[in-house]
Amino acid sequence: MPINFIEELRWRGMIHNITPGTEEQLEKEMTVAYMGIDPTADSLHVGHLVGVMMLKHFQQAGHCPIVLIGGATGMIGDPSMKSQERNLLNEETLRKNQNGIRIQLAKLLDFDSNISNIAILVNNYDWIRDYSFLNFIRDIGKYITVNYMMSKDSVRKRLAADAKVGMSFTEFSYQLFQGYDYLFLYENYNCRLQMGGADQWGNITTGIELIRKKVGGKVFALTCPLITKTDGSKFGKTEAGNIWLDKRYTSPYKFYQFWLNVSDIDAEKYIRIFTVLSKKEIENLISKHKLAPHLRSLQRSLAKEVTIMVHSQEDYEMAVKTSTILFGNATSSFLKQLDKDTLENIFVGIPQFEIFKESLSLGIKAVDLLVDNIHIFSSRGEMRKLVQNGGVSINKEKLPIFDHLIDCSYLLRGRYILVQKGKKNCFLLKVKSS
Ligand SMILES: N[C@@H](Cc1ccc(O)cc1)C(=O)O
């Protein structure tokens, strides 16, 4: 039996706001819904995943999802919840970005099997490109008052943030373009529902208003909550920046670690939002986790599911292997027996430094190498202290004294040395190929 979409989202904690009548519409017939993504980079990040998961459940419930790539709106920049005017992106960048995003979406939604509710990808550049300004403000602008547009949170907040700088007419008009997209999809794809993050409510309701006034149609909105973290920091970001879905920007190992490191409370929330595990499976995982929280079994399941969904089974396995080697009790002899490819793969996600082989040939004091050459300690004192506490290891073996001699015999497969500083920091020294 197909799932009930709204019920599904409800127990997963994925509904922030919903227009009256949405549920009845979905029960009545197979419905088309869309969500838009502005292609500001050539990869999605984990923040985008929430919306994509909504579409995934929507498709699994038998309805038809449309992903709209905002080729046109991306050229304007959504002012929603942004405190500053955005940079304009050019056409070439947007096109490159679209292609990257398309490939990622194809892994998450079903775009190609022979089902009646196959996912559809559209680009609003296709219908906005040739719309003349004069026609647009005559056909569309006439239906929406400035008063109405000004009352939106996205506009009010921005004007309040810095009244002197203000907001350009360009960004002010963003909601009209998104409103027009909804009208276009309503008329051409029979789209009745628009979904998005909580910050999209204002833009979505402008579309509802436009469709009601211009063509007398009734359409709906559904938003999901902004994802929060218990410690108050921003979801989806680390010190190193966004967590991307593209391997080139965030290795599967780092991606896996990101989910592994969430707090217990967040893990309970995220596993509902970011995986398709059933209610029963999730409840079981949570009760099992509560018996022995220190084992982090809930985080492990979360990290496993999301890594396999976004990357692959092999990437997941490699990420686990890497984590065991870096943080688990893998031994030095285990490390030594790994072949070059495995080592290369394992080390993709960790900071790397290049060293000259010659500098090792006569042996170099660890302190000279790590403090003076590659600066992973700020001072000799800092390193000495940590070594005394047993907190520095080379190839998984504790460094006995801080001026211990390191030579070529330390090179794994003749190329690498793994350095660990404290519990969490790993570095890879790599011989420069001359
Ligand atoms: N405004 C949305 C993207 C979007 C663009 C066009 C639309 O029609 C819908 C949504 C965002 O920034 O997240």
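Every chain is numbered independently, its residues counted from 1 as its sequence is written. Only residues with pLDDT of at least 70 are given local features in this predicted model, and only at 80 or more are side-chain atom pairs given and counted; all residues enter the totals for whole chains, interfaces and linings. The side-chain values count all of the structure's non-hydrogen atoms but skip hydrogen atoms and water molecules.

1. Focus on the UniProt feature "binding site: L-tyrosine" (unreviewed entry) in the protein chain
UniProt positions are given in the numbering used here, feature names are shortened, and annotations may be inferred rather than shown by experiment. The sites that carry the UniProt feature "binding site: L-tyrosine" (unreviewed entry) are, in the present numbering, Tyr34, Tyr174 and Gln178. Tracing the backbone shows Tyr34 in strand β2 (residues 32-37). Each residue is placed in one exposure class: buried if its accessible area under a 1.4 Å probe, protein chains only, is under 20% of its type's maximum, exposed if it is over 50%, and partly exposed if it falls in between. For Tyr34, a relative accessible area of 1% puts it in the buried group. Any two residues whose heavy atoms approach within 4.5 Å at even a single point are treated as in contact. Tyr34 has contacts with Ile66, Leu68, Gln178, Asp181, Tyr182, Leu185, Cys191, Leu193, Gln194 and Met195, leaving out every residue within four places of it along the chain. Each helix is a run of DSSP H or I of at least 4 residues and each strand a run of E of at least 2, with the numbering of both proceeding from the N terminus. With respect to the secondary-structure elements, Tyr174 resides in helix α11 (residues 174-189). Once residues lying within four places of it in the same chain are set aside, the contact partners of Tyr174 are Asp38, Thr73, Ile76, Gly77, Asp78, Pro79 and Asn203.

2. Focus on the domain arrangement of the protein chain
When cut into domains, the protein chain gives domain 1 (5-224), domain 2 (237-328) and domain 3 (343-431). Values labelled buried area give the accessible surface lost by two parts on being combined, using a 1.4 Å probe and summing over both. When residues of domain 2 are sorted by the area they lose upon contact with domain 3, Ile325, Leu326 and Phe327 head the list and together hold 51% of the total. Salt bridges are defined as contacts in which a side-chain nitrogen from Lys or Arg sits within 4 Å of a carboxyl oxygen from Asp or Glu. Scanning the region where domain 2 abuts domain 3 turns up 0 salt bridges. Distance and chemistry together define a polar contact, namely a pair of N or O atoms within 3.5 Å, with one atom able to donate a hydrogen and the other to accept it when in protein, and with adjacent residues in sequence counting only for side-chain atoms on both sides. Applying the counting rule to domain 2 against domain 3 returns 4 residue pairs in polar contact (both at pLDDT 80 or more). Contributing elements (two or more residues each) for the side of domain 2 that touches domain 3: α13 (252-260) and α17 (313-327). Tallying contributions element by element places α17 first for the side of domain 2 that touches domain 3, with 6 residues. These domain limits were set by an automatic method or by a database of domain assignments.

3. Description of the sheet that holds strand β12 (residues 397-398)
Paired strands are those between which DSSP finds at least two bridges. The strand order β9-β15-β14-β11-β12 describes an open sheet built from 5 strands, whose pairing is mixed. At either end of the open sheet lies a strand with only one pairing partner, and these are β9 (352-355) and β12. In this sheet, strand β15 (residues 425-431) lies alongside strand β14 (residues 416-421) in antiparallel orientation, the contact comprising 6 bridges. Residue Tyr416 lies in a different strand from β15, and its bridge partner there is Lys430.

4. Some remarks on the site of the ligand
A single heavy atom is enough: if one lies within 4 Å of a molecule or strand, its residue is considered near that molecule or strand. Around the ligand, the neighbouring residues are Tyr34, Gly36, Asp38, Leu68, Thr73, Asp78, Asn124, Tyr174, Gln178, Asp181, Gln194 and Gln200. Here a nitrogen atom of the ligand and a side-chain polar atom of Tyr174 are 2.7 Å apart. For the ligand, the protein covers 86% of the area, taking 350 Å² as the surface of the free molecule. Those elements that place two or more of their residues in the shell around the ligand are β2 and α11. Residue contributions to the shell around the ligand peak at 3 residues, all from α11. The nonpolar class holds Ala, Val, Leu, Ile, Met, Phe, Trp, Tyr, Cys and Pro. Asp, Glu, Lys and Arg form the charged class, and all remaining residues, Gly among them, are polar. Looking at side-chain class alone, the shell around the ligand contains 3 nonpolar, 6 polar and 3 charged residues. Note on areas: Shrake-Rupley, 1.4 Å probe, and residue coverage restricted to the protein chains presented here.

5. A closer look at the packing of helix α15 (residues 279-291) against helix α16 (residues 297-310)
Two elements in contact, α15 and α16, have axes whose closest approach is 8 Å; the angle formed by their N-to-C orientations is 140°. In this structure, α15 uses Leu285, Ile286, Lys288 and His289 to contact α16, whose residues at the interface are Ser297, Leu298, Gln299 and Ser301. Residue composition of the contact of α15 with α16, grouped by class: 3 nonpolar, 4 polar and 1 charged. To define axes, lines are fitted to C-alpha atoms, for helices over the stretch in contact only, and angles between the resulting N-to-C directions are given on a 0 to 180 degree scale.

6. With respect to the state of the cysteines
In this description, a disulfide is simply a cysteine sulfur pair whose atoms lie within 2.5 Å. Tallying each qualifying case throughout the model produces 0 disulfides. With no disulfide partner, Cys191 has as its closest neighbouring cysteine sulfur the one in Cys64, 8.7 Å distant.

7. Topic: the nonpolar core
The term nonpolar core refers to a set of buried residues drawn from Ala, Val, Leu, Ile, Met, Phe, Trp, Tyr and Cys, joined through side-chain atoms within 4.5 Å. If you look at the biggest cluster of nonpolar residues, it comprises 57 residues, and the most contacted ones within it are Phe5, Val46, Leu49, Met195, Trp259, Phe274 and Val306. Among the elements that line this core, the one with the most residues is helix α3 (residues 46-60), at 8 residues. Both domains that meet at this core, namely domain 1 (5-224) and domain 2 (237-328), each give it at least three residues. Residues contacting Met195, with those up to four places away along its chain left out, are Phe5, Ala33, Tyr34, Met35, Met54, Leu55, Phe58, Ile204 and Leu222. Core analysis: the next-biggest nonpolar cluster, separate from the first, contains 34 residues, Val32, Val122, Ile144 and Val219 among them.

8. Some points on the pattern of salt bridges
All told, the structure shown has 18 salt bridges when counted by the stated rule. Here Arg248 ties to Asp42 by a salt bridge, and the two come within 3.5 Å at their closest N and O atoms. Of this pair, Arg248 sits in the loop between β8 (241-242) and α13 while Asp42 sits in the loop between β2 and α3; the two residues are 206 residues apart in sequence, bridging distant segments of the chain. Between Asp246 and Arg248 there is a salt bridge, with its nearest N and O atoms 2.8 Å apart. With relative accessibility at 14%, the residue Asp246 sits in the buried group. Exposure remark for Arg248: the relative accessible area of 58% places this residue in the exposed category. One continuous salt-bridge network, built from bridges that share partners, spans Asp42, Lys96, Asp246 and Arg248.

9. Structural notes on the environment of Asn90
With respect to the helices, strands and loops of the structure, Asn90 is situated in the loop between α4 (73-76) and α5 (91-108). Its relative accessible area of 43% is what places Asn90 among the partly exposed residues. Taking C-alpha positions, Asn90 is 9.8 Å from Gly71, a pair spaced 19 residues apart along the chain. Side chain to side chain, Asn90 and Thr93 meet in a polar contact 2.5 Å long.

10. Here's the deal with a nonpolar patch on the surface
There is a patch of nonpolar side chains on the surface, built from Phe133, Leu134, Ile137 and Phe169 and spanning about 450 Å² of accessible area. The element contributing the most residues to the nonpolar patch is helix α7 (residues 133-139), with 3 residues. Assessed through its relative accessible area of 54%, Phe133 is described here as exposed. Like charges within 9 Å and nonpolar side chains (Val, Leu, Ile, Met, Phe, Trp, Tyr) within 5 Å are joined into patches, using only residues over 30% in relative accessible area that form no salt bridge.

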